[in-house]
Amino acid sequence: MKNLPLADLEAFAGVAEQRNFRKAASLRGVSASALSEAVRRLEAKLDTRLLNRTTRSVTLTEAGRRLLERLTPMLLDISGALEEVRSSDSSPAGRLRLNVPTVVAKQMLPDIVIPFLKVYPGIILEIEARDTFIDVFAAGFDAGIRYDESLDLDMIAIPIGPRIQRFCVAASPDYLARRGKPSHPRDLAEHTCIRHRFESGRLNSWEFERDGAVIRVSPPETLIANTIELELAAARGGLGIIATFEDFIRPHLESGALVEVLPDWQQPFSGPYLYYPSRRHMPAPLRAFVDWVKRL
């Protein structure tokens, strides 16, 4: 169809991804009414409703869903092509959006992104730390970071951060003096534990492995939280046993505030990967970040 304005297509995609006119308008630096008018123009041109709007929600119609699926990679290609042209004679500039796990944002990214942004001051880096699995590209991110068991096969993935990590189970000396030190994962049934609930609402069981034997337990809890700072404070305060990334616990082991338990049951696993789709026109900020990570 002729004369479909690119700006109106971009406006529709922005609203569809955010499911909210005000949020999409804020990200684009325009008014919500301007986005609403752009979507109305597009719907009138197509003679098709793309979005269902109520005072409380914005949802995609079936036609809108199909259009967004086809439109998103095309807009990314256009954006990438323009970025390549724009940056061909200058330092890369523009916005780079990453979706990453919380542990990566807290423990690994500071040492990576701070020097990166000092070298590339024209790049605006936006990082969203979440522990739920989402379609990061449908949500408007340029790349994501995940562990290899969660990677899609059609993604390009490069290592980022430490190549080997492990979980660690620990408790305070005071707690272990009062309750005893577990010698087997099944002993945890006789203890109180501090557990982490993910954004999805999931409360994972704790997994242990030794000599090929895998044991999963759901220990009794005295505290359930979704913030590692509170969980660590509770463990240091003697409330119970905590299990989390060794990166979070290591400083407290070194200070003596926590003591590791069941170390022989914790096996190392591979570190995270930066992943992105294989597409011809990679945005200049993403290309710069990928090259930066490869050099580390």
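Residues numbered from 1 in each chain as written. Predicted model: local features only at pLDDT ≥ 70, side-chain atom pairs only at ≥ 80, totals over all residues. Heavy atoms only, no water.

Asks: Sorry, what's going on with the side chain of D142 here?
Replies: Relative to the elements of secondary structure, D142 occurs in the loop between β4 (123–129) and β5 (143–146). Residue class for D142 comes out buried when judged on its relative accessible area of 11%. One polar contact links the side chain of D142 to the main-chain amide nitrogen of R97, over a distance of 2.8 Å. Discounting chain neighbours no more than four positions away, the residues touching D142 are R95, L96, R97, F137, Y276, P277, P283 and L286. (Helix = DSSP H or I, 4+ residues; strand = E, 2+ residues; numbered from the N terminus. Buried < 20%, exposed > 50% of the residue type's maximum accessible area, 1.4 Å probe, protein only. Polar contact = N/O pair within 3.5 Å; in protein donor to acceptor, adjacent residues only side chain to side chain. Contact = heavy atoms within 4.5 Å.)

Asks: Is there a simple way to explain unusual backbone geometry in this structure?
Replies: Glycine aside, residues mostly have negative phi angles, and peptide bonds mostly take the trans form. At R19, a residue that is not glycine, the phi angle is positive and equals roughly 55°. Tracing the backbone through its elements, the reader meets R19 in the loop between α1 (6–18) and α2 (21–28). The phi angle at D47 is positive, at roughly 55°, despite the residue not being glycine. In this fold, D47 is placed in the loop between α3 (32–46) and β1 (51–53). According to the relative accessible area criterion, D47 is exposed, its value standing at 70%.

Asks: In this structure, what is going on with the pairing of strand β8 (residues 167–171)? I would like to understand it.
Replies: Where a strand is regular, its side chains alternate between the two sheet faces. Most of β8 is tucked away: 4 of the 5 residues are buried. Pairing between β8 and strand β13 (residues 241–245): 4 bridges, direction antiparallel. Residue V169 lies in a different strand from β13, and its bridge partner there is A243. In this sheet, strand β14 (residues 259–261) lies alongside β8 in antiparallel orientation, the contact comprising 3 bridges. Within the sheet, the bridge partner assigned to V169 lies in β14 and is V261. (Pairing = 2+ DSSP bridges.)

Asks: For this particular structure, what's the right way to read the sheet that holds strand β3 (residues 94–100)?
Replies: Consider a sheet: its strands pair through backbone hydrogen bonds, and that pairing is either parallel or antiparallel. Spatially, 5 strands are ordered β4-β3-β5-β16-β6 in an open sheet, and the strand pairing comes out mixed. The open sheet has two free edges, formed respectively by β4 and β6 (155–159), since each of these has just one partner strand. Strand after strand, the sheet turns through a mean of 25° between neighbouring axes, direction not considered. With 5 bridges joining them, β6 and strand β16 (residues 273–277) adopt antiparallel strand pairing. (Axes fitted to C-alpha atoms, helices over the stretch in contact; angles between N-to-C directions.)

Asks: Any chance you could explain the packing of helix α8 (residues 228–236) against helix α9 (residues 246–255) here in plain terms?
Replies: The packing of two helices is summarised by the inter-axis angle and the distance between the axes. Where α8 contacts α9, the two axes come as close as 11 Å, and the packing angle between them is 35°. The interaxial crossing formed by α8 with α9 has right-handed handedness. Here I228, L232 and R236 of α8 lie close against α9, whose contacting residues are F248, I249 and H252. In the contact of α8 with α9, the residues fall into 4 nonpolar, 1 polar and 1 charged. (Left-handed = near helix turned anticlockwise from the far one by under 90°. Nonpolar A, V, L, I, M, F, W, Y, C, P; charged D, E, K, R; others polar.)

Asks: For this particular structure, what's the right way to read the packing of α1 against α2?
Replies: Contact pair α1 / α2: the axes reach a minimum separation of 8 Å and the direction vectors enclose 125°. Taken together, α1 and α2 sit at an angle that is classed as oblique. In the crossing of α1 with α2, the sense of the turn from one axis to the other is right-handed. For the pair α1 and α2, the contacting residues are A7, E10, A11, G14, V15 and Q18 in the first and F21, K23, A24, L27 and R28 in the second. (Parallel < 35°, antiparallel > 145°, perpendicular 65-115°, else oblique.)

Asks: When you look at the side chain of E260 in this model, what are you seeing that I'm missing?
Replies: Within the element layout of this structure, E260 appears in strand β14. For E260, the side chain forms a polar contact with the side chain of R166, separated by 3.1 Å. The residues contacting E260, other than those within four sequence positions of it, are R166, C168, V169, A170, K181 and L253.

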